[in-house]
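Observations on the three-dimensional arrangement
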Amino acid sequence: MSIDSRWTVVVGLMAVLALTVALAFFWDRTRSLARAGLIALIVLAVAATSALEVNRLTETYPSWSALSGNTDGEDAKEPLPNEEPEEPAESKPGMGRLVTYQVPGKAGGMTMPMTVYLPAAYFTAEGKKLEFPVIEALHGYPGTPQSWIKRLDIAGRLDREIADGRMAPTVVLLPFQTPDRLLDTECTNMAGGPRSETYLTKDVPEWARTHLRVRADRAAWGLTGYSAGGFCAMNLLLKHPDKYAAAASLSGYADPGIKVGDHSEKTTNNIAWRLTHVPIPAVAMWIGWAADDRDASAGSQLIAGLAKPPMTVVTAVVPRGGHSHGVWRQMEGPAFDWLSAHLARPAPSAGDS
Amino acid sequence: VSLTGLPLILLTWVLVIVAVVATVRWWRLSGRRRVPVRVGGLVLIELLVVAGVGLIVNREDSFYPSWQALGGLRNSVTVPSAPTGRLDGKLDGHVPVTWSPPEAAGWHLAGPPLLIAPADYAAQPDRTFPIVIVLTAATDIRPASDAVTVVLHPTPRTNVLSTPGKGPSPGAPAHPTPSRSPSARTNVLSTQTASPPGARPGSSSGGQNVRSTQPGTVPGAPPAGATGSSPGARPGGSSGGQNVRSTQPGTVPGARPTGATGSSPGARPGGSPGGQNVRSTQPGTPPTSPPGNPPGNPSGGTNVLSALPDLLARDARVTNSVVILADPEWLALAKTWPGHPPVIAGHDGPAFEKAARDLPAPLAAPQKLPS
């Protein structure tokens, strides 16, 4: 039984109920030590079941092995350079494919698995002559790429947007942004810690360019993310306008909300500071939030207000829904459509023309 | 009762106490009801404690600020209907169509702009296409595929930023002049309309003669404003002919805010390139603009041509993604375009292929949220 299935939580609830009945039934026939033991077990079971449900929502530990300390990438394959992912055997037409690879952190030092969405067009005869645009989709904290896959159904959504012509076939990368699930990096290079920014903006793009048929030029690279990932997407876009042309933030913040270790959370890793102290690059941003999400709404509006040409900003507001998956499920379609309209199209490789 | 309010949290914890007291009070109930009562009490306590903790956490981080948020959301995503252009009927592919928006008066071209739709323009009525602008003297343009091509024949006065008096001065086209106020702009326009737009630059003092020969070379492009050109493209509503131009000083100021008529997202603060509204506020930017802001940009405030994507969006299914192809003599002009779209030299096949690479694919109308 998978750790994030509904039935796991149901089993937890049954355990709580069984222990509760046991306590009520055996109270008069046992001594105080056994009673205390039973009470402790109940407390433990309630806490564990609650934790399972929270984990189910955030996908912090998408599998039992992840919980026991193994990285998620046991089943990830390390493809040989230029090895083509095989065509899916049993997929329906128009259905993209999720493949997991191990991406070594040559510059950033983080070696993590990364799931990749390959659009259906990637496998067609015509598509095999093309290089595709790329979107890096970043998860929240706590969270993992599995949150995009299981909670936000990113593959199904991308399939639909592409099939309806609102989005061009695009390769979407789902990297981890921290080597330690309980360490919130906010995609920064933490002083004395993981170098997440370098991994996401150097190692991941370089790996994708050498292993996948994707475009290498900035005009075809974009970022997106929800919650902490929204901050990441906007911050990385402003810090690396030479590598990315556009970003879409879903309920993102104006600052990382962590201590990076070099006080950069107040300066170079603070979007509000950047927009007022550093020359603004010619990039495009889509900023979405829910009107009743206090913090993300304040941060997003701050950024939209500070943005000046040549940077362009489009805003999108869900009337209510807070800081929840329900909001992001509504936002992801419009965000991906907008991104695709601001990224260069799939095209034959520049060398061929 | 608010999901994140203190009353609900306090109520929950008061109920916890009540449940504990009641469970203890009836713990030793005699008879068959003893175990069920105990189980009921304990389960109630467990539920209330979990709810109490959850409410506090939710209040701190406002994950679910309301009961509606918790219970599922009404979908606020909309799919706008497919756009239409007023020239859609004429733009059915690879045949140049003259395009004469009244605003072209301010562009000082050697002839009206030509529009060339891609081959599949009519076959894909739900798609909007990016724009390839060609600044050239040539007329035999092989149009772009998967983009709407706009051919502009610039003159030395097509300096998008300069005043008419300044146009002819050598080197001026490349150098943006300081921003002008919107009202100053309007004046520029109305004084210019005294001479027909696309007028021979020869009439302007010192105009290069090379250009002045050009209008004659434009095939099928009789002097600007000819009757064949875009019907309905004139908000002024005046009926065809060159007369339109002479009446323009009156119509032009009214015609300016046309950017607002399109769906143009450019009208937003800090909006996309080509948004006129954004630019008209720009003269105020210098005090707040950060040091090192690209020097070319603020002067985009008076760039008449920058409104082209918004104007074109009324008449054809286009986005405001732009690539500019320019003959060598117009490269400097192209580089003053606000928003810094890619600029490619020449207009041969490879240049068009390169332009296509830089542009988004033709797409159906995006899903939208309220903004």
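As a reminder, the structure under discussion sits directly above these lines.
Residues numbered from 1 in each chain as written. Chains lettered and ligands numbered in written order. Predicted model: local features only at pLDDT ≥ 70, side-chain atom pairs only at ≥ 80, totals over all residues. Heavy atoms only, no water.

Residue and element names in this part refer to chain A. Taken as a whole and judged by the stated rule, the model has 10 aromatic pairs over all chains. An angle of 65° between the planes, with centres 5.5 Å apart, marks the rings of Y122 and F123 as edge-to-face. Of the two residues examined, Y122 and F123, each falls in the buried class. Put simply, the rings of W148, Y226, W328 and F336 touch in pairs and so form one group of aromatic residues. Across the ring face of W221, the terminal group of R209 is positioned such that the distance to the ring centre comes to 5.8 Å. (Phe/Tyr/Trp six-rings, centres within 6.5 Å; stacked < 30°, edge-to-face > 60°. Buried < 20%, exposed > 50% of the residue type's maximum accessible area, 1.4 Å probe, protein only. Lys NZ or Arg CZ within 6 Å of the ring centre and 35° of its normal.)

To continue, consider the interface of chain A and chain B. With 66 residues of chain A in contact, the opposing surface of chain B contributes 64 residues. Of the roughly 4,800 Å² buried at the junction of chain A and chain B (both faces included), carbon and sulfur atoms supply 57%. Between D28 of chain A and R38 of chain B there is a salt bridge whose closest N-O contact spans 3.1 Å. Of all elements in the fold, only α1 (6–26), α2 (32–58), α5 (154–163), β9 (312–318), α10 (325–341) and β10 (347–348) of chain A reach the threshold of two or more residues within the side of chain A that touches chain B. Tallying contributions element by element places α10 of chain A first for the side of chain A that touches chain B, with nine residues. Looking at the side of chain A that touches chain B, its residues break down into 35 nonpolar, 16 polar and 15 charged. (Contact = heavy atoms within 4.5 Å. Buried area = accessible area lost by both parts, 1.4 Å probe. Salt bridge = Lys/Arg side-chain N within 4 Å of Asp/Glu carboxyl O. Helix = DSSP H or I, 4+ residues; strand = E, 2+ residues; numbered from the N terminus. Nonpolar A, V, L, I, M, F, W, Y, C, P; charged D, E, K, R; others polar.)

This next bit is on the pairing of strand β4 (residues 148–152) of chain B. Residues and elements named next belong to chain B. Most of β4 is tucked away, with five of its five residues classed as buried. Neither face of β4 is exposed, since V148, V150 and L152 on one face and T149 and V151 on the opposite face are all buried. Direction of pairing for strand β2 (residues 114–116) relative to β4: antiparallel, over a ladder of three bridges. What sits directly across from L115, in β4, is V150. Direction of pairing for strand β3 (residues 127–135) relative to β4: parallel, over a ladder of five bridges. Bridge pairing links V132 to T149 in β4. (Pairing = 2+ DSSP bridges.)

What follows is about the sheet that holds strand β6 (residues 221–226) of chain A. Residues and elements named next belong to chain A. On the basis of which strands lie adjacent, the open sheet formed by eight strands has the order β1-β2-β5-β4-β6-β7-β8-β9 and mixed pairing. Only two strands of the sheet have a single neighbouring strand rather than two, namely β1 (97–103) and β9. Across the sheet, the axes of successive neighbouring strands diverge by a mean angle of 20°, strand direction being ignored. Against the sheet, α5 contacts β1, β2 (112–118), β4 (134–138) and β5 (171–175), and its axis sits at roughly 30° relative to β2. (Axes fitted to C-alpha atoms, helices over the stretch in contact; angles between N-to-C directions.)

One pass over the full model with this rule turns up 15 salt bridges over all chains. For R166 of chain A, the salt bridge is made with D164 of chain A, and the minimal N-O distance between the two is 3.2 Å. Taking the relative accessible area as the measure of exposure, R166 of chain A reaches 8% and is therefore buried. You can call D164 of chain A partly exposed: its relative accessible area is 39%. Sharing partners across several salt bridges, the network here consists of D28 of chain A together with R28, R34 and R38 of chain B.

On the surface, L17, V21, F25 and F26 of chain A cluster together into a nonpolar patch covering about 320 Å² of accessible area. Within the fold, V21 of chain A resides in helix α1. (Patch = residues over 30% accessible without salt bridge, like charges linked within 9 Å, V, L, I, M, F, W, Y side chains within 5 Å. Areas by Shrake-Rupley, 256 points an atom, 1.4 Å probe, with all protein chains shown as cover.)

Residues and elements named next belong to chain A. With respect to the helices and strands, S264 occurs in the loop between β7 (246–250) and α8 (271–277). Under the relative-accessibility criterion, S264 is labelled buried at 5%. When neighbours within four sequence positions are excluded, S264 is seen to be in contact with N269 and N270.

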